[in-house]
Amino acid sequence: MEILKKESNCIKWVVVATLWILNTMPLSAQNRATNIDSVDWAIKKLTKLKVYNLYADNGWGSTPTGWTCQQLIAKKASDQKLLSLTSAKKPSAVRLAAMKALILRRNKQCQNIILKNLDDISSCELASCDVSFDEYVENIFVEWLQNSIDEGLITKADSVRNDSIIFFTKGSSRLEYVHDLVTKLPCDNKYYHRMKEMYYKERVGYVLMPLVKFKKNADKKLVIKSLKQFSKGMDKEGGDSQIEAIGNTNEALEAVALWPNKEFRLALTQLRNYELTRKYFDYQRIKLFYLACMAYNDGWAY
């Protein structure tokens, strides 16, 4: 009899425990679902991933986790929360997700935030399907802002004013946006002095081509000096030495194609002789060299 009672009690406890587990399981699942759908969860996950996804596809037919986090932040975070996440102290991928959401919401504070942080040098890994690359966060911010005219965030007049602010900000030459911008600027002396500053102080060679549009004699030495940097950053066989930065010869060749001056011929001849001795050819340089020589259109060039 006692054995039956004990078995009966055990059965009761098993039943009670089973009911308790069954009742708590939906609650636990609900809590997990709530956490996964929360903005804080998305921020933590994106912080850990350290990657900003440009598309909803990872190149293999599935949606990246980072993209899901970005969309969650964009949909559920308040404007105040998003503004706080754009701070330079926040993780780069989170900052990009927050700024993109604010731009899509046409938040008028975006413009001031971006223009006040032009000296920000933080970068982030961007994923474009199955390809990834690093980019300055501020460069992405600027491109998003300046391309938001159709969305109504800024006006055409705002865009022109912003271009001026960005161009004249010291250190902005590191941005790919500025690289594209200088090629579109007219020959105005107010731009000329800033370009010279970019070359000498910020050490960017891409301003050579825009500079020669002014056709100032003082800049001939600059072009010749850059043409003669053909072996800078190269090893004995003409490969990348990876010890120092490669010179600005390719940029100088682009400049010569716009301004085929006779004073550049000696440097071009020296460059040709060097290229003939290289074991490893730079096909881009050969192409630029050809275009520069053809710009003279005379017997010497042929």
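Residues numbered from 1 in each chain as written. Predicted model: local features only at pLDDT ≥ 70, side-chain atom pairs only at ≥ 80, totals over all residues. Heavy atoms only, no water.

(A) Representation of the overall build of the protein chain within the structure. For the protein chain, the count of helices and strands is 15 helices and three strands. Burial status across the protein chain gives 40% buried among its 302 residues. Put simply, 60% of the contacts in the protein chain that link residues at least 6 apart link residues at least 24 apart. As displayed, the protein chain has an accessible area near 18000 Å², and 55% of this comes from carbon and sulfur atoms. (Helix = DSSP H or I, 4+ residues; strand = E, 2+ residues; numbered from the N terminus. Buried < 20%, exposed > 50% of the residue type's maximum accessible area, 1.4 Å probe, protein only. Contact = heavy atoms within 4.5 Å. Areas by Shrake-Rupley, 256 points an atom, 1.4 Å probe, with all protein chains shown as cover.)

(B) Spatial organisation of the sheet that holds strand β3 (residues 131-136). Spatially, three strands are ordered β1-β2-β3 in an open sheet, and the strand pairing comes out mixed. Either end of the sheet is taken by a strand with one partner, and the two such strands are β1 (51-53) and β3. Pairs of neighbouring strands in the sheet enclose a mean axial angle of 35°, with direction left out of account. Here six bridges tie strand β2 (residues 123-128) to β3, and the two strands are oriented antiparallel to one another. Bridging across to β3, S128 finds its partner in V131. Its contacts with the sheet put helix α7 (residues 137-146) on β1, β2 and β3, and the angle it makes with β3 is roughly 90°. (Pairing = 2+ DSSP bridges. Axes fitted to C-alpha atoms, helices over the stretch in contact; angles between N-to-C directions.)

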